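Observations on the model geometry
Residues per chain, in single letters:
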Amino acid sequence: MIPGKRALLARLLDTTGLTSLTLAIRRRLPPARLVVLNYHRVACPWECRDFDDDVRDASPETFDRQIGLLRREFTLIRLADLFEYLHGGSLPPNPALITFDDGYKDNYEHALPILQRHEAHAVFFIATDFIERRRLFWWDRISYTLKHATRRQFSINYPSSLAIDISDGVREPARQLHRMAGHAFALDFDRFLSELTTAAGTQWSDDLEHELADRVLMTWDQIRELRKSGMEIASHTRRHRVLTTIPDDELAEELAGSKADLEVALGFPVRALSYPVGAPVNHLPRLRAAVGGAGYEVGFSYLTGIQSLQRLDPLSISRLSIDSTWSASRFRGALSFSWLG
Ligand SMILES: [Zn+2]
């Protein structure tokens, strides 16, 4: 279904009361689905102006309204409830789990106070190497490079040849570069980013990178503060590499390494993971073995919708990706009907 039609249908279902009725019925029935919401950034557009605009899922005001709705219509659960369910326990009616990926500073500055005000909680999946080394996430580095380029047209040759033209804006070229980085096997990221920076004529230095990272990434202290405030912390690997594109030795380091980073920094066992650029792993025995072998009991995918409890695969749990363009009725509709997500 095309997006415009989905928005229209969601409004119709909302104004006729069908969305409310569906949610009310579900609150009285044993749960058949688990809604896992997936956010990255909760921020105002200007806070993303130097970086990747697509990573912003809601403004603080919209997020506030969305959490209010979740508290009214759903029962928010924790990872602990999910583990209990997987070991034979039960879930409450209309269960929902709020998750954040990556480790953006606005999670601490904007999302945390809103969650606290609503007495809600969330899981924050952290890509630990960026936090530790104060490096910009690679997709933000791509956007920064294009947004500060001194050339409008240029080309790169690694990992393959690509002509880039930013005369009509950077969004589409940035998406092309994301796809390239996301699909290339065993990509040398430093080489790729450095060649892109040179080709674009963008000024760059280690000091600038640390300064930019401090602007957008949480610190370990802020992550510890999240945990003290009742939030849960889990792994999003170390360097946010797409797991299908890295060799076995790096795979082990990304999975076990990130778990160890978090356990050392925060002092508690980490049992959950969300997959970078999150394709499900249900049909990939190599990845399943690596994830389980590193000590994870659950793994979350991305852009995969609402999870049916009957078909729950602990290592491939579906999530609903929240979109900053959604209206209130679209948000309610996406949470209520799988085909509107
Ligand atoms: Zn991510």
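Residues numbered from 1 in each chain as written. Predicted model: local features only at pLDDT ≥ 70, side-chain atom pairs only at ≥ 80, totals over all residues. Heavy atoms only, no water.

1. With respect to the overall build of the chain
Helix and strand counts for the chain stand at 14 helices and 13 strands. The C-alpha atoms of the chain give 20 Å as radius of gyration, which agrees with the globular expectation for 341 residues (20 Å, within 12%). Judged by the C-alpha coordinates and their principal axes, the chain covers about 60 × 45 × 35 Å. Counting only residues that meet the buried cut, the chain has 55% of its 341 residues in that class. Long-range contacts, defined as pairs at least 24 residues apart, comprise 72% of the intrachain contacts of the chain with a sequence gap of at least 6. For the chain, the computed accessible surface area is about 14,900 Å², with 51% contributed by carbon and sulfur atoms. (Helix = DSSP H or I, 4+ residues; strand = E, 2+ residues; numbered from the N terminus. Rg over C-alpha atoms; globule rule 2.2 N^0.38 Å. Buried < 20%, exposed > 50% of the residue type's maximum accessible area, 1.4 Å probe, protein only. Contact = heavy atoms within 4.5 Å. Areas by Shrake-Rupley, 256 points an atom, 1.4 Å probe, with all protein chains shown as cover.)

2. Focus: the environment of E61
As for its placement among the helices and strands, E61 is situated in helix α3 (residues 60-73). We classify E61 as partly exposed; its relative accessible area is 48%.

3. Focus on the domain arrangement of the chain
Per the domain assignment, the segments making up the chain are domain 1 (3-133 + 217-340) and domain 2 (138-210). Facing 21 residues of domain 1, the contacting portion of domain 2 comprises 18 residues. A combined buried area of about 1,500 Å² lies between domain 1 and domain 2, and 50% of that area is made up of carbon and sulfur atoms. Summed over the shared surface of domain 1 and domain 2, the result is 3 salt bridges. Salt-bridge contacts for D54 lead to R171; the nearest nitrogen and oxygen are separated by 2.9 Å. Linking domain 1 with domain 2 are 12 residue pairs in polar contact (both at pLDDT 80 or more). (Domains from an automatic or database assignment. Buried area = accessible area lost by both parts, 1.4 Å probe. Salt bridge = Lys/Arg side-chain N within 4 Å of Asp/Glu carboxyl O. Polar contact = N/O pair within 3.5 Å; in protein donor to acceptor, adjacent residues only side chain to side chain.)

4. Some details on a nonpolar patch on the surface
A contiguous nonpolar surface patch, about 350 Å² in accessible area, is contributed by L18, L21, I25 and L29. Considering the arrangement of structural elements, one finds L29 in the loop between α2 (18-28) and β1 (33-39). For L29, a relative accessible area of 44% corresponds to the partly exposed category. (Patch = residues over 30% accessible without salt bridge, like charges linked within 9 Å, V, L, I, M, F, W, Y side chains within 5 Å.)

5. A few points about the pairing of β1
In terms of residue burial, β1 counts as a mostly covered element, since 7 of its 7 residues are buried. For β1 and strand β12 (residues 307-308), the ladder comprises 2 bridges, and the chain directions are antiparallel. Opposite L34, over in β12, you have Q307 as the bridge partner. Bridge count between β1 and strand β5 (residues 95-102): 5 bridges; the pairing is parallel. Across the sheet, residue N38 finds its bridge partner in β5, namely T99. With 2 bridges connecting them, β1 and strand β13 (residues 320-321) associate as parallel partners. Bridge assignment links L37 to a residue of β13, and that residue is L320. (Pairing = 2+ DSSP bridges.)

6. What about the coordination of the zinc ion?
In this structure, D102 (OD), H236 (NE2) and H240 (NE2) serve as the protein donors to the zinc ion, at separations of 2.1 to 2.2 Å. All donors to the zinc ion come from one chain, and their sequence spacing reads D-x133-H-x3-H. (Donors = N, O, S within 2.8 Å, 3.2 Å for Na, K, Ca; no water.)

7. Details of the side chain of S301
Among the secondary structure elements, S301 is positioned in the loop between β11 (298-300) and β12. Judged by relative accessible area, which is 0%, S301 ranks as buried.

8. Quick notes on the pairing of strand β7 (residues 153-156)
Side-chain alternation along β7 places F154 and I156 on a buried face and Q153 and S155 on a face that remains uncovered. Pairing between β7 and strand β8 (residues 162-165): 4 bridges, direction antiparallel. Residue pairing for β8: Q153 is matched across the bridge by D165. Turn length for the β7-β8 hairpin, with the two strands adjacent in sequence and antiparallel, is 5 residues.

9. Details of the state of the cysteines
Counted by the stated rule, this structure contains 0 disulfides. C44 carries a free sulfur, and the closest cysteine sulfur to it, the one in C48, is 8.6 Å from it. Judged by its relative accessible area of 1%, C48 is buried. (Disulfide = S-S within 2.5 Å.)

10. Some thoughts on the packing of aromatic side chains
Counted by the stated rule, this structure contains 13 aromatic pairs. Taken together, a centroid distance of 5.0 Å and an interplanar angle of 65 degrees make the contact between Y104 and F137 edge-to-face. Here F137 lies in the loop between α6 (128-133) and α7 (138-147) and Y104 lies in the loop between β5 and α5 (105-117), a separation of 33 residues in the sequence. Accessibility classification places Y104 together with F137 in one group, the buried group. The rings of Y104, F130, F137, W138, W139, F189 and F192 are connected pair by pair, giving a single aromatic cluster. Over the ring of F83 we find R271; its NZ or CZ atom is 3.8 Å from the centre of that ring. (Phe/Tyr/Trp six-rings, centres within 6.5 Å; stacked < 30°, edge-to-face > 60°. Lys NZ or Arg CZ within 6 Å of the ring centre and 35° of its normal.)

11. Focus: the pattern of salt bridges
Two side chains bearing opposite charge may form a pair once their charged atoms approach each other closely. With the rule as written, the count across this model stands at 27 salt bridges. Residue R332 is joined to D14 by a salt bridge in which the shortest nitrogen-to-oxygen separation is 2.8 Å. Taken together, the residues span a long stretch of sequence, with R332 in helix α14 (residues 328-336) and D14 in helix α1 (residues 3-15) at a distance of 318 residues. On the basis of relative accessibility, which here comes to 12%, the residue R332 falls in the buried class. D14 gets classed as partly exposed once you look at its relative accessible area, which sits at 21%. Salt-bridge contacts for R134 lead to D214; the nearest nitrogen and oxygen are separated by 2.9 Å. In this pair, R134 sits in the loop between α6 and α7 while D214 sits in helix α10 (residues 206-216), placing the two residues 80 residues apart along the sequence. Judged by its relative accessible area of 14%, R134 is buried. Looking at D214, the relative accessible area reads 38%, which means it is partly exposed.

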